[in-house]
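Residue strings, one per chain:
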Amino acid sequence: DAGVTQSPTHLIKTRGQHVTLRCSPISGHKSVSWYQQVLGQGPQFIFQYYEKEERGRGNFPDRFSARQFPNYSSELNVNALLLGDSALYLCASSLTRQGGEKLFFGSGTQLSVL
Amino acid sequence: GEDVEQSLFLSVREGDSSVINCTYTDSSSTYLYWYKQEPGAGLQLLTYIFSNMDMKQDQRLTVLLNKKDKHLSLRIADTQTGDSAIYFCAESMEYGNKLVFGAGTILRVKS
């Protein structure tokens, strides 16, 4: 079975633009979470979606939004990009939304904002 | 509030044991995790421990939890060059997939 897949792997944008990142969870997993990892830091929680509804949100501005589709894949959208949005964006999936479950991460999308 | 702290760097010789330490602040943390990240890759779950456990062993990995001191450690026995990576400690509550990560410990294994 394929793991968590993310696309694209790398992306370069300029300030003010918007970006859409995509994630396909492991087959059978219904929960998708998004994390931002700035260079030299640990990942920070952005969103969790389960059964197409937002179930948790981290301390990120409204420029960040996401959605989950009926096939459980997910998109993360970031509007009005800032230089500080440059980071590795990680998607993680799990079977349900319960804590303590194994959370499987994709390889991430490296976003560079110039 | 939630905060996880780790030492930044650890260097060991191949074949020695490595011990990576982590402290957390939220006493209501239910699960504590260790993840490994290699260059250019995502996070690989190594092991996790429920907060009512003191120890968990899985092959070369031993996790020790001191809930009173809010201290978590990961011991890697017989460390190999392939163990060189960044190791993240993380905590979570009972519900939801919100993990709070430390900044990571760089493990360098010298041959």
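Residues numbered from 1 in each chain as written. Chains lettered and ligands numbered in written order. Predicted model: local features only at pLDDT ≥ 70, side-chain atom pairs only at ≥ 80, totals over all residues. Heavy atoms only, no water.

Considering the overall build of chain A
Scanning chain A for helices and strands turns up 0 helices and 11 strands. On C-alpha atoms alone, chain A measures out to a radius of gyration of 13 Å, which is about the 13 Å that the 2.2 N^0.38 rule sets for 114 residues. With the C-alpha coordinates aligned to their principal axes, the bounding extent of chain A is approximately 35 × 25 × 25 Å. Counting the 114 residues in chain A, one finds 51% classified as buried. (Helix = DSSP H or I, 4+ residues; strand = E, 2+ residues; numbered from the N terminus. Rg over C-alpha atoms; globule rule 2.2 N^0.38 Å. Buried < 20%, exposed > 50% of the residue type's maximum accessible area, 1.4 Å probe, protein only.)

Structural notes on the interface of chain A and chain B
On the side of chain B, 21 residues touch chain A, which itself brings 24 residues to the contact. Summing both sides of the interface, chain A and chain B together bury roughly 1,600 Å²; the carbon and sulfur share of this comes to 53%. Counting the contacts that link chain A with chain B gives 0 salt bridges. Our count for the chain A to chain B interface comes out at 3 residue pairs in polar contact (both at pLDDT 80 or more). Of the residues forming the side of chain A that touches chain B, the biggest block, 4 residues, is contributed by strand E4 (residues 31-37) of chain A. (Contact = heavy atoms within 4.5 Å. Buried area = accessible area lost by both parts, 1.4 Å probe. Salt bridge = Lys/Arg side-chain N within 4 Å of Asp/Glu carboxyl O. Polar contact = N/O pair within 3.5 Å; in protein donor to acceptor, adjacent residues only side chain to side chain.)

Thoughts on the environment of B:Tyr48
Along the chain, B:Tyr48 falls in strand E5 (residues 43-50). Considering only alpha carbons, one finds B:Tyr48 and B:Tyr33, 15 residues apart in sequence, at a separation of 4.2 Å.

Some thoughts on the nonpolar core
Residues and elements named next belong to chain A. Counting 22 residues, the largest nonpolar core has Trp34, Ile46, Leu76 and Tyr89 as its most contacted members. Elements supplying a minimum of two residues to this core: strand E3 (19-24), E4, strand E5 (44-50), strand E7 (64-68), strand E8 (74-78), strand E9 (87-94) and strand E11 (109-113). The contacts of Ile46, once residues within four sequence positions are left out, are Trp34, Tyr35, Gln36, Gly56, Arg57, Gly58, Phe60, Phe64, Leu76 and Tyr89. (Core = buried A, V, L, I, M, F, W, Y, C linked by side-chain atoms within 4.5 Å.)

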